[in-house]
2 protein chains.
Amino acid sequence: MGQGKMKLGLFLMGTGHHIASWRHANIPAKSAESFAFFQEIARIAEKGKLDMLFLSDGLSFDKHSHPAELVRFEPLTLLGALSVVTSHIGLAATATTTYNEPFHIARKFLSLDHLSGGRSAWNVVTSYYQTEARNFNAKQHLDHSIRYKRAEEFVEVVKGLWDSWEEGAVLCDKDSGQYFDESKLHSLHHQGEFFSVEGPLNSSRSPQGRPVIVQAGSSEEGISLAAKTADVIFTAQQTLEGAQAFYKKVKEKASQFGRSPEEIKIMPGLAIYTGRTEEEAENKYSDLQKLITPEVGLQILSEYLGDFDLSPYPLDGPLPSDIPETNMNQSRRKLLIELADRENMTIRELSIHVAGSRGHRIIFGNPQQIADQLEEWFVNKACDGFNLMLPYFPDSLRDFVELVVPELQKRGLFREEYEGATLRENLGLREPEYRYARKGVEV
Amino acid sequence: MGQGKMKLGLFLMGTGHHIASWRHANIPAKSAESFAFFQEIARIAEKGKLDMLFLSDGLSFDKHSHPAELVRFEPLTLLGALSVVTSHIGLAATATTTYNEPFHIARKFLSLDHLSGGRSAWNVVTSYYQTEARNFNAKQHLDHSIRYKRAEEFVEVVKGLWDSWEEGAVLCDKDSGQYFDESKLHSLHHQGEFFSVEGPLNSSRSPQGRPVIVQAGSSEEGISLAAKTADVIFTAQQTLEGAQAFYKKVKEKASQFGRSPEEIKIMPGLAIYTGRTEEEAENKYSDLQKLITPEVGLQILSEYLGDFDLSPYPLDGPLPSDIPETNMNQSRRKLLIELADRENMTIRELSIHVAGSRGHRIIFGNPQQIADQLEEWFVNKACDGFNLMLPYFPDSLRDFVELVVPELQKRGLFREEYEGATLRENLGLREPEYRYARKGVEV
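Keep in mind that this is a model prediction, so the values were computed, not measured.

### Considering the overall build of chain A
Alright, step 1. Scanning chain A from N- to C-terminus turns up 13 helices and 13 strands.
Alright, step 2. A compact globule built from 443 residues should have a C-alpha radius of gyration of about 22 Å, and chain A, at 22 Å, falls within 12% of that.
Alright, step 3. Projected onto its principal axes, the C-alpha coordinates of chain A cover approximately 75 × 50 × 45 Å.
Alright, step 4. Here chain A holds 443 residues, and the buried ones make up 64% of them.
Alright, step 5. In chain A, once contacts between residues fewer than 6 apart in sequence are set aside, the share between residues at least 24 apart is 78%.
Alright, step 6. On chain A, roughly 16000 Å² of surface is accessible, and the fraction owed to carbon and sulfur atoms is 47%.
Alright, step 7. Of the charged side chains in chain A, 49 are positive and 62 negative; the average position of the first set lies 1 Å away from that of the second.

### Describing the UniProt feature "binding site: FMN" (unreviewed entry) in chain A
Alright, step 1. When the UniProt feature table is mapped onto this chain numbering, "binding site: FMN" (unreviewed entry) sits at Asp57(A), Thr94(A), His144(A), Tyr148(A), Ser218(A) and Ser219(A).
Alright, step 2. Relative to the elements of secondary structure, Asp57(A) occurs in the loop between β2 (52–55) and α2 (75–84).
Alright, step 3. In this view, Asp57(A) contacts Arg72(A), Pro75(A), Thr94(A) and Arg107(B); residues no more than four positions away in its chain are not counted.
Alright, step 4. Engagement of the side chain of Asp57(A) in a polar contact is seen with the side chain of Arg72(A), the distance being 3.1 Å.
Alright, step 5. Here Ser218(A) shows up in the loop between β9 (212–215) and α5 (220–229).

### A few points about helix α12 (residues 395–410) of chain B
All names here are of chain B.
Alright, step 1. Counted at 1.5 Å a residue, the expected span for α12 with its 16 residues is 22 Å, and the 22 Å between its end C-alpha atoms agrees.
Alright, step 2. Of all the bends in α12, the largest measures some 35° and sits at valine 404, one to four residues before the proline proline 406.
Alright, step 3. Where burial is concerned, most of α12 is hidden: twelve out of the 16 residues are buried.
Alright, step 4. Buried residues of α12: Asp395, Ser396, Leu397, Asp399, Phe400, Val401, Leu403, Val404, Val405, Glu407, Leu408 and Gln409, and no others.
Alright, step 5. Contacts from the buried residues of α12 go to β1 (7–12), α1 (35–47), β11 (265–274), α7 (278–289), α11 (367–379) and β13 (385–388).
Alright, step 6. Downstream of α12 by a residue or two, glycine 412 has a phi angle that is positive, lying close to 75°.

### A word on the packing of helix α4 (residues 144–162) of chain B against helix α5 (residues 220–229) of chain B
Residue and element names in this part refer to chain B.
Alright, step 1. Packing of α4 against α5 leaves a shortest axis separation of 10 Å and a crossing angle of 10°. Considering their axes alone, α4 and α5 lie roughly parallel with respect to each other. Residue-level contacts link His144, Ser145, Tyr148, Ala151, Glu152, Val155, Glu156 and Lys159 of α4 to Glu221, Gly222, Leu225, Lys228 and Thr229 of α5.
Alright, step 2. Taken together, the residues of the contact of α4 with α5 break down into four nonpolar, four polar and five charged.

### Here we look at the relation of the copies chain A and chain B
Alright, step 1. Rotating chain A by 180° about the axis while translating it 0.0 Å along that axis superimposes it on chain B, leaving an RMSD of 0.0 Å. A rotation of that kind, with that shift, is consistent with a two-fold axis. For chain A, the residue whose C-alpha comes nearest the rotation axis is Ala81(A), separated from it by 2.0 Å.
Alright, step 2. Counting the interface residues of chain A, we find that 100% of their copies in chain B are interface residues as well, pointing to one common contact surface.

### Quick look at the pairing of strand β1 (residues 7–12) of chain A
Residue and element names in this part refer to chain A.
Alright, step 1. The buried fraction of β1 amounts to six of the six residues, a majority that puts the element mostly inside the structure.
Alright, step 2. Across the two faces of β1 the burial is the same, with Lys7, Gly9 and Phe11 and Leu8, Leu10 and Leu12 all buried.
Alright, step 3. Inspection of the sheet shows β1 paired to strand β13 (residues 385–388) by four bridges, in the parallel sense. Paired with glycine 9 across the bridge in β13 is asparagine 387.
Alright, step 4. Taken together, the four bridges between β1 and β2 define a ladder with parallel strand orientation. If you follow glycine 9 over to β2, its bridge partner there is methionine 52.
Alright, step 5. With helix α1 (residues 35–47) bridging β1 and its parallel neighbour β2, the resulting β-α-β unit is right-handed.

### Describing the environment of Pro314(B)
Residue and element names in this part refer to chain B.
Alright, step 1. Position of proline 314 relative to the elements: it lies in the loop between α8 (294–304) and α9 (330–343).
Alright, step 2. Given the relative accessible area of 56%, proline 314 is considered exposed.
Alright, step 3. Separated by 106 residues in sequence, proline 314 and glutamine 208 have C-alpha atoms that sit 54 Å apart.

### Digging into the side chain of His24(A)
Alright, step 1. In this fold, His24(A) is placed in the loop between β1 and α1.
Alright, step 2. By relative accessible area, His24(A) is classed as buried at 17%.
Alright, step 3. Leave out the neighbours within four places in its chain, and His24(A) touches Leu288(A), Leu291(A), Tyr392(A) and Lys174(B).

### A few points about the interface of chain A and chain B
Alright, step 1. Between chain A and chain B, the contact holds 69 residues from the first and 69 residues from the second.
Alright, step 2. Summing both partners gives a buried area of about 6200 Å² for chain A against chain B, and 60% of it is carried by carbon and sulfur.
Alright, step 3. Our enumeration of links across chain A and chain B arrives at four salt bridges.
Alright, step 4. Here Glu74(A) ties to Lys108(B) by a salt bridge, and the two come within 3.2 Å at their closest N and O atoms.
Alright, step 5. Mapped onto the side of chain A that touches chain B, the elements with two or more residues apiece are α2, α3 (102–116), β5 (170–173), β6 (178–180) and β8 (196–197) of chain A.
Alright, step 6. Looking at which element gives the most residues to the side of chain A that touches chain B, the answer is α2(A), with eight residues.

### Focus on the packing of aromatic side chains
Alright, step 1. Enumeration over the complete set of coordinates arrives at 40 aromatic pairs over all chains.
Alright, step 2. Pairing Phe194(A) with Phe195(A) gives two aromatic rings, centres 6.4 Å apart and planes at 45°, and the pair type is tilted.
Alright, step 3. The exposure class of Phe195(A) is buried, given its relative accessible area of 1%.
Alright, step 4. Seen in terms of ring centroids, Tyr273(B) and Tyr285(B) are 5.0 Å apart; in terms of plane orientation they differ by 75°. Their pairing is edge-to-face. With Tyr273(B) in strand β11 and Tyr285(B) in helix α7, this residue pair connects regions lying twelve residues apart in the sequence.

### Notes on the environment of Phe400(B)
Residues and elements named next belong to chain B.
Alright, step 1. Counting through the fold element by element, phenylalanine 400 comes out in helix α12.
Alright, step 2. The spatial distance from the C-alpha of phenylalanine 400 to the C-alpha of isoleucine 272 is 8.3 Å, given a sequence separation of 128 residues.
Alright, step 3. Sequence-distant contacts of phenylalanine 400, that is, excluding residues within four places in its chain, are made with Leu8, Leu50, Ile272, Leu374, Leu388, Leu390, Val405 and Leu408.

Reading the values: rules and limits
- Residues numbered from 1 in each chain as written.
- Chains lettered and ligands numbered in written order.
- Predicted model: local features only at pLDDT ≥ 70, side-chain atom pairs only at ≥ 80, totals over all residues.
- Heavy atoms only, no water.
- Helix = DSSP H or I, 4+ residues; strand = E, 2+ residues; numbered from the N terminus.
- Rg over C-alpha atoms; globule rule 2.2 N^0.38 Å.
- Buried < 20%, exposed > 50% of the residue type's maximum accessible area, 1.4 Å probe, protein only.
- Contact = heavy atoms within 4.5 Å.
- Areas by Shrake-Rupley, 256 points an atom, 1.4 Å probe, with all protein chains shown as cover.
- Lys, Arg positive; Asp, Glu negative; His and termini not counted.
- Charge placed at Lys NZ, Arg CZ, Asp CG, Glu CD.
- UniProt positions renumbered as here; feature names shortened; annotations may be inferred.
- Polar contact = N/O pair within 3.5 Å; in protein donor to acceptor, adjacent residues only side chain to side chain.
- Expected span 1.5 Å × (residues − 1).
- Bend = angle between axes of the 7 residues up to and from the residue.
- Axes fitted to C-alpha atoms, helices over the stretch in contact; angles between N-to-C directions.
- Parallel < 35°, antiparallel > 145°, perpendicular 65-115°, else oblique.
- Nonpolar A, V, L, I, M, F, W, Y, C, P; charged D, E, K, R; others polar.
- Least-squares fit on C-alpha atoms with pLDDT ≥ 70 in both.
- Pairing = 2+ DSSP bridges.
- Right-handed = clockwise from strand over helix to strand, strands pointing away.
- Buried area = accessible area lost by both parts, 1.4 Å probe.
- Salt bridge = Lys/Arg side-chain N within 4 Å of Asp/Glu carboxyl O.
- Phe/Tyr/Trp six-rings, centres within 6.5 Å; stacked < 30°, edge-to-face > 60°.

Listed below in structure tokens is the structure:
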């Protein structure tokens with residue numbers, strides 16, 4: 001295969017990826033802000049040797065939002081806590097470049113990296129919800145292209161700050177009284193279009209060189225930014241062919257930026273329903289789907305189509321053909337319109353499907369069938385692994401870890417033990433080059 | 001006494017409050033970014049029934065900074081981690097209102113509050129170092145008075161966001177499918193001079209009503225802000241009379257704002273050297289003082305005097321009388337000039353003293369002598385407790401917990417067991433009134 005082992009992230013969003021998961025009988029009430037709930041998930045995920053926990057995030061909501069978006073832990077404080085009860089699994093959090101400052105973001109992820117011994121990862125997003133603007137002194141959300149320009153500079157500044165202290169810069173030489181080696185400390189002196197950041201950062205070099213950078217977004221700007229700067233790409237892909245094309249495109253683009261294709265791991269999101277039998281798996285899905293109210297389904301579909309009002313159209317008719325492009329979420333909108341067209345779905349079918357999958361591929365089956373489907377994409381260069389969007393916690397995760405992981409291990413597709421101590425080592429990523437390696441810049 | 005028990009916070013700054021603490025033989029090398037080091041401190045502090053851990057912070061440094069300011073954990077991620085290994089002690093972190101956004105700050109401290117079961121506290125500062133500006137897109141630090149105006153509005157917005165969700169707003173009613181009660185969710189709609197924040201916050205009501213607010217700063221603006229909004233005041237006081245005057249002033253000011261004096265706990269910073277004998281205590285101090293180089297001492301004194309250059313003046317002469325007022329740190333500057341004058345200190349003596357105490361009072365003694373001094377201030381209405389600035393960790397803390405705490409308990413001055421589950425309960429503070437208690441505002 002030449003790709004090494006499959007990489008598996010665990011997408012964490014409240015009680016589960018399924019929008020009605022909180023209504024499932026097995027889920028403890030009010031889990032959204034229960035540390036014990038997340039601790040159990042983290043421990044099962046680590047027992048299953050998964051690569052990383054992957055926390056979604058957002059900075060606004062409205063009354064129609066996924067329940068996981070209403071009240072939730074702030075990701076960095078939660079991951080700080082989870083760093084104590086885990087020892088190998090990566091800890092990835094989402095943070096936007098649109099309503100943050102590079103110094104804070106650089107610092108928090110590097111602090112988490114020191115707490116966890118090199119297991120921190122930052123999922124870079126540019127803010128999907130327009131309403132976030134109103135919580136941050138802005139009347140209007142920035143345009144998509146400006147958000148991406150800002151994001152690119154933001155990531156560069158963060159990487160620059162992460163390189164403030166060279167390896168070995170902190171001496172703590174008690175005899176001489178020299179605390180650090182001045183020649184190994186570097187200011188950034190960044191002056192750019194969006195940011196002016198002097199540095200240096202008050203956090204020493206990462207145990208893994210620097211925290212892992214994850215990115216989502218399948219727009220042209222998103223792909224370009226990811227190919228240039230990301231270690232891991234999180235994407236929504238529905239078909240093998242589509243995923244292969246995306247995979248090829250990103251890896252080629254990375255080459256154009258002078259990077260080796262192995263340096264970027266592509267992990268599509270994937271909702272998985274595992275049963276001991278195929279029927280059991282399908283029942284788990286349909287039981288959850290029944291808990292979705294029509295209002296919730298339509299609301300989500302409308303949002304994914306750029307807040308397009310679907311109420312004038314018959315529920316059992318097709319999607320209208322005149323849904324306009326908007327500033328937000330362009331790539332997901334396109335994928336959904338194509339899906340409805342390909343599968344000949346009505347608005348009702350699409351809305352319940354979308355509410356259940358939230359734009360990601362869903363697979364069902366017994367452990368062998370699940371493993372077959374993961375293997376097919378992996379060996380056919382459609383991905384380097386998956387971001388598991390499991391429907392309800394902790395049951396779906398326990399199913400995956402106890403039933404699917406052993407099957408993948410038997411096939412040689414997934415690790416038996418963690419390869420290293422840091423997330424970067426487990427993902428099979430090299431330590432990034434240190435920017436001041438051959439210079440002698442002073443603070 | 002009528003003041004209840006004494007409240008004790010533990011100031012946490014790297015390897016200890018003493019600037020040369022990192023050179024002490026008993027301190028493990030490179031503790032600044034070692035979670036194990038902080039975990040041990042937290043556990044000893046909780047064994048001693050202390051009220052809270054109190055993390056200092058800053059967003060810039062230069063090569064002359066206290067080693068604890070060079071590389072350090074980001075406080076909220078560290079406290080997230082410490083919330084898991086503690087169960088009663090409060091978790092306070094410093095965060096500036098000058099280079100942050102209210103939505104982020106409200107969210108992080110409330111997230112920590114949910115992680116810890118109601119033990120979170122925010123130490124509100126307005127940024128002391130001018131150099132912080134240059135890490136946040138600003139050429140110049142804001143003026144003192146603008147910083148305080150911004151801080152006041154910032155704190156109001158944060159408190160408003162903390163009131164987004166009423167108690168009992170999150171229903172999780174699985175049968176009906178109702179996740180929350182819309183009538184108990186409130187947007188803020190804040191439009192002010194510095195901030196425009198819509199809300200609501202994506203974090204439910206605090207287990208302690210709201211996180212505890214701590215403030216330092218003894219300038220007129222600082223006192224006014226604290227009297228209006230703080231639950232705890234951290235201050236630098238050198239003399240019993242000065243502390244009593246400050247205590248009276250703040251409590252009276254609080255009354256003017258319609259608050260009960262018991263609602264504000266005043267806790268001066270205090271460096272403590274405990275020995276089994278007085279001589280042992282004094283030796284601990286002088287051993288550490290010997291590790292301070294003259295350069296370090298002068299640098300700190302100069303900084304505390306508003307970056308006043310002392311190099312033209314004889315080290316063994318008095319402070320010059322023409323040190324100008326500046327925009328930063330006015331109250332500490334005044335206290336130092338008064339101290340030098342009162343004690344007739346030379347620049348050298350003052351600089352080594354300042355480097356050792358960093359502007360805070362130092363006391364020495366055997367356990368009885370330490371307890372006497374704490375008791376004197378406490379019973380004479382100079383304070384409601386102390387913020388312990390212990391010279392080197394974990395030894396100084398172990399000394400305090402094993403030698404002084406039992407003496408204080410024997411005298412009935414300090415708790416034998418935590419009174420409650422939340423920080424607010426342990427501090428003896430009422431739950432704050434809920435702003436929407438009698439209104440029916442909609443999101």
